Amino acid sequence: MTTSVPATSSPARVSFGGRALGALVALLLLGAAPAAHAQTWMVSTTAHIKLGILDKYGQLGPYTATFVVHSEKTGKDYFLVKQLANNQTGIDVLFPTEPSDPDYFKTEGGEAAVAAPGRYTWECRVKGVKAVSGRFVFPEVGNDVTVINK
């Protein structure tokens, strides 16, 4: 005696049902996802001051330039020593320098300089004598972000 079982699902029905179920799940997931309304920008602003010295007529030969920046707000002095070669008459440096740079502005204790708002004075010493000096002010910096809607 053979018993026959009626076929309740055919491969065509399974394929259609799977697709319909997949589409329903996709719609549910898309409905729950946060909508992207606009581009958000990452932004940074860092101020730097360029300081420099130049032996205008190239008479000194090689020399050591010691830059000293004094923060009037904190009272700290930051130093950077640069050795100039025989064919080099001058140099420009940025204050503050990145601490990852092998030569960076730092206190005698090794604290790296930062671009903190405030008034500063600076000088450059050559052979232990003040050759040039000046002053500058670091401003407060801020960033504005513009949202671009599509």
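This text gives an overview of the structure that appears in the document. Nothing here was measured: the structure is a model prediction, and the numbers come from that model.

Structural notes on the nonpolar core
So, point 1. Membership of the largest hydrophobic core comes to 21 residues, with the highest contact counts inside it found for Leu51, Ile53, Phe67, Val69, Phe95, Phe105 and Phe136.
So, point 2. Counting only elements with at least two residues in this core, the list comes to strand E2 (49–54), strand E3 (63–71), strand E4 (77–84), strand E5 (90–95), strand E6 (118–126) and strand E7 (129–138).
So, point 3. If we skip the residues at most four places from it in the chain, Leu51 touches Phe67, Val69, Ile91, Asp92, Val93, Phe95, Phe105, Trp122 and Phe136.

Describing the side chain of Glu123
So, point 1. Mapped onto the secondary structure, Glu123 falls in strand E6.
So, point 2. The buried category is assigned to Glu123, whose relative accessible area is 19%.
So, point 3. Separated by 2.6 Å, the side chains of Glu123 and Arg125 make a polar contact.
So, point 4. Non-local contacts of Glu123, meaning those with residues more than four positions away in its chain, are made with Thr66, Phe67, Val68, Lys130, Val132 and Ser133.

A word on the pattern of salt bridges
So, point 1. For the structure shown, the criterion picks out four salt bridges.
So, point 2. Between Arg119 and Glu72 there is a salt bridge, with the nearest N and O atoms lying 3.2 Å from each other. Taken together, the positions of Arg119 in strand E6 and Glu72 in the loop between E3 and E4 put the pair 47 residues apart, joining distant regions of the chain.
So, point 3. Lys82 is the partner of Asp103 in a salt bridge, and the nearest nitrogen-oxygen pair spans 3.5 Å. Residue Asp103 is found in the loop between E5 and E6, and its partner Lys82 is found in strand E4; the two are separated by 21 residues along the sequence.
So, point 4. Taking relative accessible area as the criterion, Asp103 reaches 35% and is therefore assigned partly exposed.

Cut-off values and rules
- Residues numbered from 1 in each chain as written.
- Predicted model: local features only at pLDDT ≥ 70, side-chain atom pairs only at ≥ 80, totals over all residues.
- Heavy atoms only, no water.
- Core = buried A, V, L, I, M, F, W, Y, C linked by side-chain atoms within 4.5 Å.
- Buried < 20%, exposed > 50% of the residue type's maximum accessible area, 1.4 Å probe, protein only.
- Helix = DSSP H or I, 4+ residues; strand = E, 2+ residues; numbered from the N terminus.
- Contact = heavy atoms within 4.5 Å.
- Polar contact = N/O pair within 3.5 Å; in protein donor to acceptor, adjacent residues only side chain to side chain.
- Salt bridge = Lys/Arg side-chain N within 4 Å of Asp/Glu carboxyl O.

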